[in-house]
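Descriptive analysis of the structure
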Amino acid sequence: MKCDVLTIFPEIFTSYLNESIIKRARAKGLLDVAVHNIRDFSSDAHRTVDDSPFGGGAGMVFKPEPIFRAIDFLKEDGGPRKVVLLSPQGRPFDQSIAEDYSKEEKRFVFICGRYEGIDERVKTLVDEEISIGDYVLTGGELAALVVIDAVTRLIPGALGDERSVEDESFSWGLLDYPHYTRPREFRGLHVPRVLVSGDHREIERWRRKQALRKTMEVRPDLIARMKLSGEDMKILSEIEASSGEDP
Ligand code: ADE
């Protein structure tokens, strides 16, 4: 994925983009992120980017000119861009959007909103408005990092072990199954016997059952949207029959 980020707090990105998988993906050339300060595109000595809202009311609104100028600058090379505005009014971000973005050829521009909002005319530049959840953050910076992170994990070669991405919870449409590592017993808490049985078919089935159980409990809406296999239906009826018992 290639992207530009427009923000008035570029430092927020420095630490996250320089750690772990994101750092490695950048080093391998799988992820190209350039962070730009919207203030660099203002036209006055005070580097103003906001103003009070027409019609009155509390708070400040992002002015259109610096953002238009920033986008003009980013489009100067003529390459196609996909402009995404991060805001609580956007389409809810999920794994299928992350998958689409990971295959996108165009370079992204992520606009991070702040203050009470952004001058509506900026929307004429925007291809898609994205929200990361039904809550209001102080700005779009965390949301842009969430999107960049979720997309990067799906870029082939970005994770050390390619199986991890296939295994990962939402690729199945289910929540994740429980994980254990050494020691086998810790303060009287035991690792489920099946995981140390060496029986890989049984382990697979146990993991699927745990994932189905957890999803039923916490996110039944995900189950309702899924295409369940015959085996899944069988596992679900086992879960129902044993409800109240230990896993
Ligand atoms: N900016 C503020 N809140 C947000 C949210 N929930 N998603 C995306 N951008 C935001």
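Here the structure is shown first, and the text comes after it.
Everything in this summary refers to the structure shown in the same document. This one's a predicted model, so the numbers in the text were calculated from it and none came from an experiment. (Residues numbered from 1 in each chain as written. Predicted model: local features only at pLDDT ≥ 70, side-chain atom pairs only at ≥ 80, totals over all residues. Heavy atoms only, no water.)

This part covers the overall build of the protein. Counting its secondary structure elements, the protein contains ten helices and ten strands. Relative to a compact globule of 247 residues, whose C-alpha radius of gyration would be 18 Å, the protein shows 23 Å and is clearly more extended. Dimensions of the protein along its principal axes, counting C-alpha atoms only, are 70 × 40 × 40 Å. Here the protein holds 247 residues, and 42% of them are scored as buried. Counting contacts in the protein only where the partners sit at least 6 residues apart, residues at least 24 apart contribute 74% of the total. When the 36 positive and 44 negative side-chain charges of the protein are each reduced to one mean point, those points stand 4 Å apart. (Helix = DSSP H or I, 4+ residues; strand = E, 2+ residues; numbered from the N terminus. Rg over C-alpha atoms; globule rule 2.2 N^0.38 Å. Buried < 20%, exposed > 50% of the residue type's maximum accessible area, 1.4 Å probe, protein only. Contact = heavy atoms within 4.5 Å. Lys, Arg positive; Asp, Glu negative; His and termini not counted. Charge placed at Lys NZ, Arg CZ, Asp CG, Glu CD.)

This paragraph deals with the sheet that holds strand β4 (residues 61-62). Strands sit in the order β3-β4-β7 across an open sheet of three strands; the sheet is mixed. Only two strands of the sheet have a single partner each, and these edge strands are β3 (50-51) and β7 (117-118). Here β4 pairs with β7 via two bridges, running parallel. Bridging across to β7, Phe-62 finds its partner in Ile-118. (Pairing = 2+ DSSP bridges.)

Moving on, we come to the sheet that holds strand β8 (residues 128-131). Pairing is parallel across the open sheet formed by five strands, whose spatial order is β2-β1-β6-β5-β8. Each having just a single partner strand, β2 (32-37) and β8 make up the two edges of the open sheet. Strand-to-strand twist in this sheet, taken as the mean axis angle between neighbours without regard to direction, amounts to 30 degrees. In the sheet, strand β5 (residues 81-92) pairs with strand β6 (residues 107-112) via six bridges, with the strands oriented parallel. Within β6, the position partnered with Val-83 by the bridge is Val-109. Strands β5, β6 and β8 of the sheet are contacted by helix α4 (residues 95-103), whose axis makes an angle of about 170 degrees with β5. Contacts from helix α5 (residues 141-152) reach β1 (2-7), β2, β5, β6 and β8, with the element oriented near 155 degrees to β6. (Axes fitted to C-alpha atoms, helices over the stretch in contact; angles between N-to-C directions.)

Close contact between α4 and α5 brings their axes to 8 Å; oriented N to C, the two are set at 70 degrees. Regarding the angle of α4 to α5, the classification is roughly perpendicular. Listed contacts from α5 to Ala-98, Tyr-101 and Ser-102 of α4 are Val-147, Ala-150 and Val-151. Here the contact of α4 with α5 is composed, by residue class, of five nonpolar, one polar and no charged. (Parallel < 35°, antiparallel > 145°, perpendicular 65-115°, else oblique. Nonpolar A, V, L, I, M, F, W, Y, C, P; charged D, E, K, R; others polar.)

Looking now at the pairing of β1. In terms of residue burial, β1 counts as a mostly covered element, since five of its six residues are buried. Relative to β2, β1 runs parallel, the two being bridged by six bridges. If you follow Asp-4 over to β2, its bridge partner there is Ala-34.

Taken together, 13 residues are adjacent to the ligand, and Ser-87, Ile-132, Gly-133, Tyr-135 and Leu-137 come closest. Here the ligand loses 96% of its free accessible area of 260 Å² to cover by the protein chains. Counting only elements with at least two residues in the shell around the ligand, the list comes to β5 and β8. In terms of residue count, the dominant contributor to the shell around the ligand is β5 (three residues). For the shell around the ligand, the class distribution of residues is eight nonpolar, five polar and no charged. (Near = heavy atom within 4 Å. Areas by Shrake-Rupley, 256 points an atom, 1.4 Å probe, with all protein chains shown as cover.)

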